[in-house]
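Here is how the chains run, residue by residue.
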Amino acid sequence: TRTAGIEKLPLAEGSSVKKVIGIVSGKGGVGKSTVCSLLASAMNKEGFHVGILDADITGPSIPKAFGLLHDGVALSEDGKSMVPETSNGGVEIISTNLLLENETDPVIWRGSMIANAVKQFWQEVEWKEIDYLFVDMPPGTGDVPLTVFQSLPIDGVIIVTSPQDLVSMIVEKAVRMAEKMHVPILGIVENMSYLLCPHCNEKIDVFGESHIEELCQKEGLELLAKLPIDPQNASFMDAGAVEAIDTKESLKDAVACLKRLIK
Ligand code: ADP
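Here the structure is a predicted model, which means the values were calculated and not measured.

A. Quick look at the site of the ligand. Close contacts around the ligand come from 20 residues, with Gly31, Lys32, Ser33, Thr34 and Ala234 the closest. Contributing elements (two or more residues each) for the shell around the ligand: helix H1 (32-45) and helix H8 (231-238). For the shell around the ligand, a count of residues per class yields eight nonpolar, nine polar and three charged.

This is the structure we're talking about:
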């Protein structure tokens, strides 16, 4: 029922996911995984049952942000499916990074292998009564994100950008890709938008003035959040304590947007 003319993969027997949210970016390094972790944690704190399917195997890992150990993935009792790892706060996470023996091991995979791993994470994982499954998509607009888009029944995407992206039309590419896939764009999060001076609290536009509002207007998209560069957040993430970051104010519009999807 949720297909857009393309055959979507079914979930494992007994699994259920209400809404699948893709977190996408036009290129790597804009903070997509960070924003994905923060959004998942924020929705979890709102009382929803949240999962993360980490399909971005190239970036620093989601498991690390949630303080999960890289010690393999458990199997279900019947041995037929994988069981996600659960964070302290209760977010269910599956990631290729959990399968690496050393978290510093490089993942040298072909695009097709990545796409297959992602399909397995959808079909062969026990996703038990998940309200929101966040998919940290592979960065960019190439083959791998396209295959993931085609395989999973994504209900909507959130595009993560940084101010520099706007200059090079990278965001527009991400917008066009979602349109081509007939997936609704829920809105845009601008990350590393500005810096707050720790001494005088002045807002510094490190990358020059932001043009995100203009872009949102031009494309008819909702601006869901503008997140500052925050060294403290980066150290929380490194320490595996993403759930300790307070996003009540900064992500309130994004949370409201996501809540509207489940009435
Ligand atoms: P992507 O998933 O787009 O490749 P990441 O989320 O991995 O990007 O972020 C890249 C790096 O930037 C990480 O080291 C992360 O901790 C840091 N980072 C991301 N967003 C912020 C922010 N708002 N403030 C400070 N550091 C950030």
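B. Looking closely at the environment of Asp246. Structurally, the position occupied by Asp246 is in the loop between H8 and helix H9 (252-261). Residue Asp246 is classed as exposed on the basis of its 10 C-beta neighbours within 10 Å. In sequence terms Asp246 and Ala42 are 204 residues apart; their C-alpha atoms lie 8.4 Å from each other.

C. Seen up close, the nonpolar core. In this structure, Ile23, Leu39, Phe134, Val135 and Ile159 are the most contacted members of the largest nonpolar core, which totals 73 residues. Of all the elements, H1 adds the most residues to this core, at seven residues. Residues contacting Leu39, with those up to four places away along its chain left out, are Phe134, Leu251 and Ala254.

D. Layout of the UniProt feature "binding site: ATP" (unreviewed entry) in the protein chain. Per the UniProt entry, the sites bearing "binding site: ATP" (unreviewed entry) are Gly26, Lys27, Gly28, Gly29, Val30, Gly31, Lys32 and Ser33 in this numbering. On the basis of neighbour count, Gly31 is assigned to the buried category, with 24 C-beta atoms found within 10 Å. In this fold, Lys32 is placed in helix H1. By C-beta crowding, Lys32 is classed as buried, having 27 other C-beta atoms within 10 Å. If near-sequence neighbours (up to four positions away) are discounted, Lys32 is found in contact with Ile23, Ser25, Asp56, Asp136, Pro139 and Val160.

E. Main features of the confidence of the model for the protein chain. Put simply, the protein chain has an average pLDDT of 89, and 93% of its residues get 70 or more. Element-level mean pLDDT values for the protein chain span from 76 in helix H5 (residues 163-167) up to 98 in H9. With pLDDT under 50 throughout, residues 1-5 is counted as low confidence; its partners more than four residues away or in other chains account for four contacts. Scored as a complex, the prediction yields pTM 0.93 and ipTM 0.98.

Definitions and limits used
- Residues numbered from 1 in each chain as written.
- Predicted model: local features only at pLDDT ≥ 70, side-chain atom pairs only at ≥ 80, totals over all residues.
- Near = placed C-beta within 6 Å.
- Helix = DSSP H or I, 4+ residues; strand = E, 2+ residues; numbered from the N terminus.
- Nonpolar A, V, L, I, M, F, W, Y, C, P; charged D, E, K, R; others polar.
- Buried ≥ 20, exposed ≤ 12 C-beta atoms within 10 Å, placed from the backbone.
- Core = buried A, V, L, I, M, F, W, Y, C linked by C-beta atoms within 7 Å.
- Contact = placed C-beta atoms within 7 Å.
- UniProt positions renumbered as here; feature names shortened; annotations may be inferred.
- pLDDT = per-residue confidence, 0-100.

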